[in-house]
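Observations on chain architecture
Next come the chains, spelled out residue by residue.
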Amino acid sequence: QSLCVLAMSIEAAEAAVASSGQRVRDLKAEGADKEAVEAAVAELQAAKATLTASVEAALASCAEGTPEYDVLKAKLPAAAKPKGKEKKKDDAPQNDRAAAKAARAAQRGAKAEAKAATKDEAVLGPNLSQAEMDSAEFGNLFIQSTHAATRAWTGVKELVPSLAGQQVWVRARVATSRKQGKALCFLQLRQSMHTAQAVVFAKEGELVGFAATLPRESVVDVFGEVTLPAEAVASCSQSAVELQVRRLYCVSRAMPELPLQLEDAARSDEQLAADPSLTRVNQDVRLNHRVIDLRTAANQGIFRLQSAVCEHFRGFLLSQGFTEIHSPKMIGTASEGGADVFRVEYFGRD
């Protein structure tokens, strides 16, 4: 196989390991029963085995000592790393048997790799353009301005019981993904400060597997039917409804492992003081990854209050006949925005 195909297989395996590991952590945090946790751990171990097989297949295609070989070798677990070449034995028959055994093992590994690559390709989904969306019920959607979208969007906050039975399109971020068995997966969709639960159920096909491997904070387009759950979904703001997913497309896939998790960044000082085992997100991590930190409910609330205050001030002044202007600003040094720099004499000084 080409290094390109093997690299895609390794990337898919790493994503599966990250997703399975996150599921194990989520189940433990939720206090799930022992059987569910053991099943998730078994799934994680299987994903790690697939990753090891993918890396070993790629190592076989690289010359030892090259930069590519060293990078691939670093991806292996410590127990699986190659330990160097074995010394040659003088016994020719034993060498022949060892060579035959190695050939059979390589053949089995190649078959397993091909099977895993096929499965990973199915889980990752096909790459689709907007014109090709109707050809698959799930996949990775590439949006271009060459095609005008005709879909009517429904906001997450607009998902209310009065829409029960209607089919809607929703674009949102994946806040959490929780797979239960082979045919069921729960997604929590977040748009702004509003959340809703989406249910992916399919006895056949790879729709559930595709949904389960979506990294957190990925942007997705969901087409589904609004239903009323038997019990309110306490973890979502739109607790009175669920979205039964019929089609699912990933518009922007996030990294498998984010530098910080929103639930960690959203914890208050009181919560962290009450339970020292909880993860604390330091200020430098927040500032280095501000685009993620701004998605927490606390930061969203701060900026919404600020916006509302400015809006009321602006409205009052406009009602009194004032005109809003944006005057040029003079600063003592060059600006980061690349504005022109020139000298201005001010009371005898530059």
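The structure this text deals with has already been given above.
In every chain, residue numbers begin from 1 and rise along the written sequence. The predicted origin of the model limits local features to residues at a pLDDT of at least 70 and limits the giving and counting of side-chain atom pairs to 80 or more, whereas totals for whole chains, interfaces and linings rest on all residues. The basis for every side-chain value is the complete set of heavy atoms in the structure, and neither hydrogens nor water enter the calculation.

**Let's talk about the nonpolar core**
The criterion, for reference: Residues belong to one nonpolar core when they are buried, are Ala, Val, Leu, Ile, Met, Phe, Trp, Tyr or Cys, and are joined through side-chain atoms within 4.5 Å. Exposed residues in this analysis have more than 50% of their type's maximum accessible area, buried residues have under 20%, and partly exposed residues fall in between, with area computed by a 1.4 Å probe over protein chains only. Runs of E in the DSSP output that reach at least two residues are strands. Runs of H or I that reach at least four are helices, and both are numbered from the N terminus. Contacts between residues were defined by any pair of non-hydrogen atoms, one from each residue, lying within 4.5 Å.
Core analysis: the biggest nonpolar cluster contains 29 residues, and Leu-159, Leu-187, Leu-189, Val-200, Leu-243 and Leu-248 have the highest contact counts within it. Those elements that place two or more of their residues in this core are β3 (167–180), β4 (184–191), β5 (194–201), α5 (207–212), β6 (219–227) and β7 (242–252). Excluding residues within four positions of it along the chain, Leu-187 makes contact with Val-174, Thr-176, Ser-177, Ala-196, Gln-197, Ala-198, Val-200, Ala-211 and Leu-248. Residues Val-24, Ala-40, Leu-44 and Leu-59 belong to the second largest nonpolar core, which totals 13 residues.

**With respect to a nonpolar patch on the surface**
Put simply, the test is: Patch criteria: residues need more than 30% relative accessible area and no salt bridge. Like-charged residues are merged within 9 Å; nonpolar side chains of Val, Leu, Ile, Met, Phe, Trp and Tyr are merged within 5 Å. The Shrake-Rupley method, run with a 1.4 Å probe sphere, supplies the accessible areas, and residue values consider only the shown protein chains as cover. A carboxyl oxygen of Asp or Glu within 4 Å of a side-chain nitrogen of Lys or Arg is what we treat as a salt bridge.
On the surface, Phe-316, Leu-317 and Phe-322 cluster together to form a nonpolar patch covering roughly 320 Å² of accessible area. Mapped onto the secondary structure, Phe-322 falls in the segment after α10 (297–319).

**So, the pairing of β4**
Applicable threshold: Following DSSP output, two strands are said to pair if at least two bridges run between them.
Within β4, six of the eight residues are buried, which leaves the element mostly enclosed by the surrounding structure. By the bridge criterion, seven bridges tie β3 to β4 in an arrangement that is antiparallel. By the bridge assignment, Arg-173 is partnered in β4 with Arg-190. What sits between the antiparallel neighbours β3 and β4 is a turn of three residues, in which Gly-181 has the positive phi angle 75°. Note: β4 against β5, eight bridges, orientation antiparallel. Looking at the pairing, Cys-185 lines up with Val-200 of β5. Taking the residues between adjacent antiparallel strands as the criterion, β4 and β5 are bridged by two residues, where Ser-192 takes a positive phi near 60°.

**Description of the packing of aromatic side chains**
Let me state the cut-off plainly: Put simply, two rings from Phe, Tyr or Trp (the six-membered ring, in Trp's case) pair if the centres are within 6.5 Å, and we call them stacked under 30 degrees between planes, edge-to-face over 60, tilted for the rest. Think of it as a cone above the ring: NZ of Lys or CZ of Arg counts as a charge over the ring if it is within 6 Å of the ring centre and within 35 degrees of the ring normal.
Applying the stated criterion across every chain, the model contains four aromatic pairs. Seen in terms of ring centroids, Phe-138 and Phe-210 are 5.1 Å apart; in terms of plane orientation they differ by 40°. Their pairing is tilted. Here the residue Phe-138 occupies a position in strand β2 (residues 138–142), and Phe-210 occupies one in helix α5, the gap between them amounting to 72 residues. For the pair Phe-138 and Phe-210, one class covers both residues: buried. Ring centres of Trp-153 and Trp-169 lie 6.2 Å apart, and the angle between their planes is 70°; on these two criteria the pair is classed as edge-to-face. Highlighted residues: Trp-153 in the loop between β2 and β3 and Trp-169 in strand β3, separated in sequence by 16 residues. Trp-169 sits in the buried class, given a relative accessible area of 10%. Chaining the aromatic ring pairs together yields one cluster made of Trp-153, Trp-169, Phe-223 and Tyr-249. In this structure, Arg-151 packs its charged tip against the face of Trp-169, placed 4.8 Å from the ring centre.

**Some thoughts on the environment of Ile-143**
If you trace the backbone, Ile-143 turns up in the loop between β2 and β3. In this structure, the C-alpha to C-alpha distance between Ile-143 and Gln-130, residues 13 residues apart in sequence, is 6.2 Å. The contact partners of Ile-143, leaving out residues within four places of it in the chain, are Gln-130, Arg-171 and Val-251.

**Notes on unusual backbone geometry**
Its identity is not glycine, yet Ser-192 carries a phi of approximately 60°, on the positive side. You can see Ser-192 is positioned in the loop between β4 and β5. Owing to a relative accessible area of 39%, Ser-192 belongs among the partly exposed residues under this scheme. Despite not being glycine, Glu-217 has its phi angle at roughly 75°, a positive value. One can find Glu-217 in the loop between α5 and β6. Taking the relative accessible area as the measure of exposure, Glu-217 reaches 6% and is therefore buried.

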